[in-house]
Amino acid sequence: MKVLITGGAGYVGSFILNELSKDYELLVLDSLEEGHKWAVGNHKLVVGDIANEKILYDIYENFKPDIIIHCAAYIVAPESVENPFKYYENNFYKALKMLKFFLDRNLKFFIFSSTAAVYGNPKIIPVDENHPIEPLNPYGWSKFFFERAIMDLKNKYNFEYVILRYFNAAGASLDSKLGQYKKQPTHLISRIVRTILGFYEKLYIYGKDYSTKDGTAIRDYIHILDLARLHRLALEYLLETKQSNIFNLGYGKGYSVLEVVELANKILKPFKYEFTERRLGDPEVLICDNRKIKSILKFEPKYDDLELILKTAYNWEVYRINSGIQ
Ligand SMILES: NC(=O)c1ccc[n+]([C@@H]2O[C@H](COP(=O)([O-])OP(=O)(O)OC[C@H]3O[C@@H](n4cnc5c(N)ncnc54)[C@H](O)[C@@H]3O)[C@@H](O)[C@H]2O)c1
């Protein structure tokens, strides 16, 4: 079974590669704009844009994927507020072009990395898959537009899809040798780790006036290894049932930014932090209702442990710096 992973040189994609490598024939398509060659290891990599027809044609001729896992996207919500075109073009328009290219050539299975950002500010917590769609920023809309297009294309083409709406992916491999790397990280845990390691003088916490227990925003952090395994479960589900579906991926537990910061201060190393203004387009609380992945995909979390998430993220960053990886 041949699987094409777009964005496979990025954080999530590289873990999906490792998860699937023993059982599937894999090919990565990544522009390397945000991804890294080292993250792909010995797997096959085509460097290029998902909307480059010549590249898509070559992949079709030489690989003919049975399944596509589409992770490639821009992912920085505040940036999408500043530059919406960039997000609509890449996450919606280019993704649509790529999907149509393969559907026109009889693709049967498609898995899409979507996001809990499609829900906006939740009206009901925890958030299940039927929660209303009301993104707060162009990033969330661009991901939802593509979801909608997938659903509509299914009426015309004979294929099945799974849409996975991730909550916050975090952490790194247990041996510390693979993790997230961005030159300018925007995710909380990467920024904490960088602050501890002296990249920043202090950590800024965006907003302390949310109506949460301590005034900071609440998120559901899922360890990247569990998130990657959920792709295997989703893939198996798709191949076995040949049914389309949508799943939220998270642990069903929320931690406030301040709780994460205080825990990191205690178990990693002390660092300075300061409160500042809220960021544009940040929802107040995002906690996943994960009953559907537990009942249908039979998901049992293995790494549901914030300390482990923080420690693996920290150990990876130390390893990365010491090994000169960038
Ligand atoms: N990291 C999270 O917490 C999180 C949460 C929710 C959803 N997601 C979704 O998961 C997916 C992967 O996120 P990530 O954290 O691994 O991000 P990432 O930036 O590490 O990886 C994305 C990869 O896609 C590649 N890419 C982007 N546009 C491309 C294009 N036009 N052509 C070819 N390659 C392109 C980048 O080079 C990068 O390697 C995204 O679709 C994102 O929306 C991530």
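Quick caveat: nothing in here was measured; it's all calculated off a predicted structure.

(A) A look at unusual backbone geometry. Residues isoleucine 125 and proline 126 are joined by a peptide bond in cis, for which omega reads 0°. Note on placement: proline 126 falls in the loop between β5 (109-115) and α6 (138-153). Despite not being glycine, lysine 64 has its phi angle at roughly 45°, a positive value. By the secondary structure assignment, lysine 64 is in the loop between α3 (53-62) and β4 (67-70). With a phi close to 70°, serine 176 is a non-glycine residue in the positive phi region. When the 19 C-beta atoms within 10 Å are taken as the criterion, serine 176 is described as partly exposed.

(B) Broad picture of the domain arrangement of the protein. Each assigned domain of the protein is listed here: domain 1 (2-169 + 221-249) and domain 2 (171-219 + 252-288 + 302-323). For domain 1 and domain 2, the distance between their C-alpha centres works out to 24 Å. Across the boundary between the two partners, domain 1 contributes 26 residues, which contact 23 residues of domain 2. Of all the secondary structure elements, the ones that give two or more residues to the side of domain 1 that touches domain 2 are α1 (11-20), α4 (77-82), β10 (221-223), α8 (224-241) and β11 (245-249).

(C) Structural detail: the site of the ligand. Inspection of the region around the ligand gives 26 residues, with Gly7, Gly10, Val12, Gly35 and Ala73 positioned closest. Of all the elements in the fold, those that place two or more residues in the shell around the ligand are α1, α5 (84-103), β5 and β7 (168-170). Looking at the shell around the ligand element by element, the count peaks at three residues for α1. Within the shell around the ligand, the residues separate by chemical class into 11 nonpolar, nine polar and six charged.

(D) Fine view of the sheet that holds β5. On the basis of which strands lie adjacent, the open sheet formed by seven strands has the order β3-β2-β1-β4-β5-β6-β11 and parallel pairing. One side of each edge strand has no neighbouring strand; the edge strands of this open sheet are β3 (44-47) and β11. Averaged over neighbouring strand pairs, the angle between their axes works out to 20° when direction is ignored. In the sheet, strand β1 (residues 2-6) pairs with strand β2 (residues 25-30) via five bridges, with the strands oriented parallel. Across the sheet, the residue bridging to threonine 6 is leucine 29, located in β2.

(E) Examining the environment of proline 283 more closely. When you line up the elements, proline 283 lands in the loop between β13 (273-276) and α10 (291-295). Given 22 C-beta atoms within 10 Å, proline 283 falls into the buried group. Each C-alpha atom, one on proline 283 and one on glycine 120, is 6.0 Å from the other, the two residues being 163 residues apart in sequence. With sequence-adjacent residues up to four places away left out, proline 283 is seen in contact with Gly120, Asn121 and Leu136.

(F) Looking closely at the packing of α5 against α6. At a minimum axis distance of 8 Å, the contact between α5 and α6 shows a crossing angle of 20°. As far as their axial angle goes, α6 and α5 are roughly parallel. In the crossing of α5 with α6, the sense of the turn from one axis to the other is right-handed. Here α5 contributes Pro84, Tyr87, Tyr88, Asn91, Phe92, Ala95, Leu96, Leu99 and Leu103 to the contact with α6, which in turn contributes Pro138, Tyr139, Ser142, Lys143, Phe145, Phe146, Ala149, Ile150 and Leu153.

(G) Summary view of the nonpolar core. Ranked by size, the top nonpolar core spans 100 residues in total, and within it Phe110, Ile111, Leu164, Ala234 and Leu249 carry the most contacts. No other element matches α8, which puts nine residues into this core. There are two domains that each give this core at least three residues, and those are domain 1 (2-169 + 221-249) and domain 2 (171-219 + 252-288 + 302-323). When near neighbours in sequence (up to four residues on either side) are disregarded, alanine 234 contacts Ile111, Val162, Leu164, Phe247 and Leu297.

Quick notes on the rules
Residues numbered from 1 in each chain as written. Predicted model: local features only at pLDDT ≥ 70, side-chain atom pairs only at ≥ 80, totals over all residues. Helix = DSSP H or I, 4+ residues; strand = E, 2+ residues; numbered from the N terminus. Buried ≥ 20, exposed ≤ 12 C-beta atoms within 10 Å, placed from the backbone. Domains from an automatic or database assignment. Contact = placed C-beta atoms within 7 Å. Near = placed C-beta within 6 Å. Nonpolar A, V, L, I, M, F, W, Y, C, P; charged D, E, K, R; others polar. Pairing = 2+ DSSP bridges. Axes fitted to C-alpha atoms, helices over the stretch in contact; angles between N-to-C directions. Parallel < 35°, antiparallel > 145°, perpendicular 65-115°, else oblique. Left-handed = near helix turned anticlockwise from the far one by under 90°. Core = buried A, V, L, I, M, F, W, Y, C linked by C-beta atoms within 7 Å.

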